Amino acid sequence: MKNKRILVGPKFGVDNTVIGIGGGNVMVATCDPLSFIPELGADDSARISVDLLASDLTTSGLPAQYGIFDLNLPPEMTQGEFSEYWKAFSLECSRLGISIVGGHTGRYMGCGYTVVGGGVLFSIGKKDLYVTPEMATLGDDILLTKGAAIETTAILTRVFPRSVRKAIGPKLYERAQKYLDLLSTVDDALTAVSVGLHEDGVTAMHDATEGGVASAVLELVEASRGGAEIDLASIEVTEESAAVCQLFHVDPLTSLSEGSLLLTVNPSKTSKVLSQLNKAGIPSKVIGCITSKSSGIYASSKNGRSRLRYPKFDPYWRAYAAAKRRGWR
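Every chain begins its residue count from 1, and numbering advances along the sequence as written. Per-residue local features of the predicted model are confined to residues with pLDDT of at least 70, and side-chain atom pairs are confined, for both listing and counting, to 80 or more; whole-chain, interface and lining totals are unaffected and use all residues. Based on all heavy atoms of the structure, the side-chain values leave hydrogens and waters out of the count.

A.B. asks: When you look at a nonpolar patch on the surface in this model, what are you seeing that I'm missing?
C.D. replies: On the surface, Ile 21, Tyr 66, Ile 68, Val 101, Val 120 and Ile 124 cluster together into a nonpolar patch covering about 430 Å² of accessible area. Secondary-structure elements contributing two or more residues to the nonpolar patch are strand S4 (66–73) and strand S6 (115–126). When its relative accessible area of 38% is taken as the criterion, Ile 21 is described as partly exposed. Candidates for patches are residues over 30% relative accessible area with no salt bridge; among them, like charges are joined within 9 Å and nonpolar side chains (Val, Leu, Ile, Met, Phe, Trp, Tyr) within 5 Å. The method behind every accessible area is Shrake-Rupley, applied with a 1.4 Å probe, and residues are considered shielded solely by the protein chains displayed. Each salt bridge in this description consists of a side-chain nitrogen of Lys or Arg and a carboxyl oxygen of Asp or Glu lying within 4 Å of one another. Numbering of helices and strands starts at the N terminus; helices are DSSP runs of H or I of at least 4 residues and strands are runs of E of at least 2. Three exposure classes are used, based on accessible area relative to the maximum for each residue type with a 1.4 Å probe and protein chains only: buried under 20%, partly exposed in between, and exposed over 50%.

This is the structure we're talking about:
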């Protein structure tokens, strides 16, 4: 049903809903599944669940403030596992300044790992102090934090540690093991918008999830009804990520990459945004610019220039399943 208070509703490439609540304020909200990945354990699974939700919400430029969570637990989850999960979940909410204001918990036949429920985060802010992917404008620079295949590197290394360590060696393995701490883009987003919003800085943000950096670019650009020129060589793929992706036969540019934040920035403010991110210890690069819709969305590399297209599938899932079948550990 249409409602004049809905300023931003469900749209392709848009992570958050924006609702006018009067008094010059808006409520920004998002939702996502909550996960428990047995191979990662209760603590890390809980932390990732909160961080992925908060990453989506903060692409609006607002910090996450309130949360409502529904936990539909598999019967085989022990009380000890649940207690560990909820303790870590609550601590991560507290660290991020999120107040838990409601929810539901139960055990149900038919529920299983890895999805164990869902959550909603929402925040209140001024009506002129938020961004959505629709707000990218012609001429904006496109920035990327951290690089490609962040989540792919993190999860595959943690789920198959013996196989990965043997294949890529202890030095790269130790670096890849730390990627689980990179899956949040909360600091990336809030650091970037501290420079300013709209003509004063950041115009749009979108975090890279399924389909990787390539899909994130396409989603943001199409949401803004524009075009883009992307320099593939400028997209960071670290030595450890490249090694993990090669081992699992995964294209790092099209594979799961939560932890990578895509931003569009007024070019007059790009150097300030890059400097602010650098001061916070968050690597970032300009990887392209927004062009007109009629120009299309193109990517350039040493092999030439071609239209950027959606991957037919995210290779992460096939890689994960294949490693399981082979008995990798």
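A.B. asks: Looking at this model, I keep getting lost on the nonpolar core. Mind explaining?
C.D. replies: Soluble, globular proteins show a tendency: their nonpolar side chains are buried together. Of all hydrophobic cores here, the largest spans 31 residues; its most connected members are Tyr 85, Phe 89, Ile 98 and Leu 121. Looking at this core, the elements with two or more residues in it are strand S3 (25–35), helix H1 (42–58), S4, helix H2 (79–95) and S6. With six residues, the single largest contributor to this core is H1. We call a set of buried Ala, Val, Leu, Ile, Met, Phe, Trp, Tyr and Cys residues a nonpolar core when their side-chain atoms join them within 4.5 Å.

A.B. asks: Explanation requested: the pairing of S3 in the structure shown.
C.D. replies: Two faces make up the sheet, and in a regular strand the side chains alternate between them. Alignment of strand S2 (residues 17–22) against S3, held across five bridges, turns out to be antiparallel. Directly across from Thr 17, in S3, lies its bridge partner Ala 29. Note on pairing: DSSP must find at least two bridges between two strands before they are called paired. Hairpin connection of S2 to S3: two residues between the antiparallel strands, including Gly 23 at a positive phi of 65°. Bridging between S3 and S6 involves eleven bridges; their strand directions are antiparallel. By the bridge assignment for S6, Thr 30 is matched with Leu 121.

A.B. asks: What's the story with the sheet that holds strand S5 (residues 99–107) in this structure? I'm lost.
C.D. replies: The strand order across the open sheet formed by six strands is S1-S2-S3-S6-S4-S5, and the pairing between neighbours is mixed. The sheet is open, and its two borders are formed by strand S1 (6–8) and S5, each paired with just one other strand. Each neighbouring strand pair of the sheet contributes to a mean axis angle of 20°, computed without reference to strand direction. Across the sheet, H1 touches S3, S4 and S6, and the angle it forms with S3 is around 150°. Between the N-to-C directions of two axes lies an angle of 0 to 180 degrees, each axis being a line fitted to C-alpha atoms and, for a helix, fitted only over the stretch in contact. Contacts are residue-level and defined by heavy atoms, with any inter-residue pair within 4.5 Å sufficient.

A.B. asks: Even after reading the chapter, I still don't get the side chain of Ser 224, so can you show me in this structure?
C.D. replies: Within the element layout of this structure, Ser 224 appears in the loop between helix H7 (212–223) and strand S9 (227–231). Once residues within four sequence positions are removed from consideration, Ser 224 is found in contact with Pro 133, Glu 134 and Ala 136.

A.B. asks: What is the right way to read H1 from this model?
C.D. replies: Residues lying three or four places apart along an α-helix face the same way, a consequence of the helix completing one turn every 3.6 residues. Between its terminal C-alpha atoms H1 stretches 24 Å, which fits the 24 Å expected from 17 residues at 1.5 Å a residue. Most of H1 sits inside the fold, with 15 of its 17 residues counted as buried. Helices are assigned an expected span. That span is 1.5 Å times one less than the residue count.

A.B. asks: Help me understand the environment of Tyr 66 in this model?
C.D. replies: Among the secondary structure elements, Tyr 66 is positioned in strand S4. The spatial distance from the C-alpha of Tyr 66 to the C-alpha of Val 14 is 20 Å, given a sequence separation of 52 residues. Beyond its immediate chain neighbours, meaning those up to four positions away, Tyr 66 contacts Ile 98, Ser 99, Val 101, Val 120, Leu 121, Phe 122 and Ile 124.

A.B. asks: Hey, could you run me through the sheet that holds strand S11 (residues 284–291) in this one?
C.D. replies: Strand pairing in a sheet relies on backbone hydrogen bonds, with the paired strands running either antiparallel or parallel. Strand order in the open sheet formed by seven strands is S8-S10-S7-S11-S9-S12-S13, with mixed pairing between adjacent strands. For this open sheet the edge positions go to strand S8 (202–207) and strand S13 (304–307), each flanked by a neighbour on one side alone. When strand polarity is set aside, the average angle formed by the axes of neighbouring strands in this sheet is 25°. Contacting strand S7 (141–145), S8 and strand S10 (261–265), helix H6 (residues 186–193) runs over the sheet at an angle of about 175° to S8.

A.B. asks: Looking at this model, I keep getting lost on the pairing of S7. Mind explaining?
C.D. replies: A large share of S7 lies buried, amounting to five of its five residues. Across the two faces of S7 the burial is the same, with Asp 141, Leu 143 and Thr 145 and Ile 142 and Leu 144 all buried. The pairing of S7 with S10 spans four bridges and is classified as antiparallel. Within S10, the position partnered with Leu 144 by the bridge is Leu 262. The pairing of S7 with S11 spans five bridges and is antiparallel. Its bridge partner lying in S11, Leu 144 is registered against Lys 285.

A.B. asks: Just checking my understanding: could you explain helix H8 (residues 239–247) for this structure?
C.D. replies: Listed as buried for H8 are Glu 240, Ser 241, Ala 243, Val 244 and Cys 245. On its buried face, H8 sits against helix H3 (150–159), helix H4 (161–168) and helix H5 (170–177). Trailing H8 by a residue or two, His 249 shows a phi angle of about 55°, which is positive.

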